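# Residue-level structure breakdown
In case you want the letters, here they are:
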Amino acid sequence: MRLRTLVRRWRTHPAAIAPVESPPGIREAAARHRGSLQLRHVDAGSCNGCELEIASIFSPVYDAERFGIRLEASPRHADALLVTGPVTRNMAGPLRKTFDALAEPRVVVALGDCARNCGAFAGAYGVEGAVGDVVPVDLEIPGCPPAPEAIVAALRNLAGS
Amino acid sequence: MTSTWSVAADAAISVLQMAGVVLGGPLLVGLMRTVRCRLEGRVGPPVRQPLLDLRKLARRQRTRPEHASWIFGLAPLLLVATTLVVAAVAPLLATGPALGWSADLFAVVYLLLLGSVALALGGLDTGTAFGGMGASRALTIGAVAEPALLVSILALSVPAHSSNLPAIISGSLAHPLWLATPERLLALAAFVIVIVAECGRLPVDNPGTHLELTMIHEAMVLEYSGSDLALIKLGESMRLGVLVALFAVLFVPWGIATSPGPEHLAVSLVSLVAKVAVLGVGLAAFEVGVAKLRLFRVPELMAGAFVLAVLAVLSALVLA
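Residues numbered from 1 in each chain as written. Chains lettered and ligands numbered in written order. Predicted model: local features only at pLDDT ≥ 70, side-chain atom pairs only at ≥ 80, totals over all residues. Heavy atoms only, no water.

### Points about the interface of chain B and chain A
Across the contact, 35 residues belong to chain B and 33 residues belong to chain A. Of all residues in chain B, the largest losses of buried area upon contact with chain A belong to Arg 42, Lys 56 and Arg 60 of chain B, amounting jointly to 21% of the total for that side. At the junction of chain B and chain A, the tally comes to six salt bridges. The shortest N-O distance in the salt bridge between Asp 79 of chain A and Arg 60 of chain B comes to 3.3 Å. At the boundary of chain B and chain A, one finds 21 residue pairs in polar contact (both at pLDDT 80 or more). Broken down by secondary-structure element, the contributors of at least two residues to the side of chain B that touches chain A are helix H1 (7-39), helix H2 (49-58), helix H9 (226-251) and helix H10 (262-289) of chain B. Classifying every residue of the side of chain B that touches chain A gives 13 nonpolar, nine polar and 13 charged. (Contact = heavy atoms within 4.5 Å. Buried area = accessible area lost by both parts, 1.4 Å probe. Salt bridge = Lys/Arg side-chain N within 4 Å of Asp/Glu carboxyl O. Polar contact = N/O pair within 3.5 Å; in protein donor to acceptor, adjacent residues only side chain to side chain. Helix = DSSP H or I, 4+ residues; strand = E, 2+ residues; numbered from the N terminus. Nonpolar A, V, L, I, M, F, W, Y, C, P; charged D, E, K, R; others polar.)

Here it is in structure tokens:
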């Protein structure tokens, strides 16, 4: 019976997420968020590998929502921007606009190697640059794509939970 | 309503009710979210998560759209204020809160409607496509949900010969047989559907959606941020709390304090919290098992609720 999951038999791995070191700016932001972090995700030109991992952190196995982390439908509701992929020429404008739509104080998270330094797409004709070339980046999550554990650990630091 | 209630005790009950709804509404939303997560096989956020969200949002900068008028800023305040008034006068903890005579079913229903209309106007005021779309959808559903709510409570008022909520509750406490009549059961079904629709829950609206085109309620508030958004989230969870608590006291009134005294109030508070929690868990468990209705099917559901409510009134009049 499904009702049994009310008390146990969750599929979440309790030990899947280990805490990691975070830069001082992130610790300040975490003190602001205190266990509640809303993210606006922008795909700036990703291959969708990172999107699969983002989807999986909200799955029963990693369940990022238990740390108060949620994706939002509007940048107005978000505390942080979660950007994936190298910034393509078409997405540079929308990314800037989304960044401007966030209320202060805001944080930008570059997720994956492409967002950090264009990764495999460095030098491609349609690529404007890494996320840091378009908007100021506060937190980077390396990996191609980053493991869900790494994403949850980094976001958990940012959420302060 | 009775002379045994002193003014000070009445006022204290009203204040307690308001505080209870302000704190209890977000906790009810958190409870429902946790139950939902557990049934999905996840651990889920703590029950107090909505309060954490509110605390953070209240301290964030708020943005106002460039072309929005004063209505945009007024809408969240109106939503919270009207719900607070309902929380103060409605007989949630005792049959005699301050100004209990004003807790008329028409007043309560239309105070809640005023909040929805304010929110719809706030959505329209942003001038964005999604704001207007959400407002028109919310009012389409609200236009059918409000009469269903009104008429379902009207059915309860027929045997009590009064549209005053404390009188209805005192009446059903004095005559327990009223609680099992056909009109009660019909009105109960209509009331549940209205709670689901008014609070934007599944299957009418999906509060967790990210797809703007399927949004009803979220689409109206896409432009709100910071403290404005905190007020809206607070107002919505308070509305859910008030509606569920009203449901509890109207259909399962036992435990409500009928005479003054801290011991009666304590019993009443515990029983109300228990009833609301059970209803919240039930609603959340129901939500996990259903899919969102297609938008054009929602008016059919609401019309069904309205028909149930009308049948409830008819049977109350015929059987009376």
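### Quick notes on the sheet that holds strand S1 (residues 37-43) of chain A
Residue and element names in this part refer to chain A. With parallel pairing, the five strands of this open sheet are ordered in space as S2-S1-S3-S5-S7. Only two strands of the sheet have a single partner each, and these edge strands are strand S2 (69-71) and strand S7 (139-141). Direction aside, the axes of adjacent strands within the sheet are offset by 25° on average. As paired elements, strand S3 (residues 80-84) and strand S5 (residues 107-111) share five bridges and run parallel to each other. Directly across from Leu 81, in S5, lies its bridge partner Val 108. (Pairing = 2+ DSSP bridges. Axes fitted to C-alpha atoms, helices over the stretch in contact; angles between N-to-C directions.)

### Quick look at the side chain of Ser 74 of chain A
One can find Ser 74 of chain A in the loop between S2 and S3. A polar contact is formed between the side chain of Ser 74 of chain A and the backbone oxygen of Leu 222 of chain B, at a distance of 2.6 Å. Not counting residues up to four positions away in its chain, the partners in contact with Ser 74 of chain A are Arg 40 of chain A together with Leu 222 of chain B.

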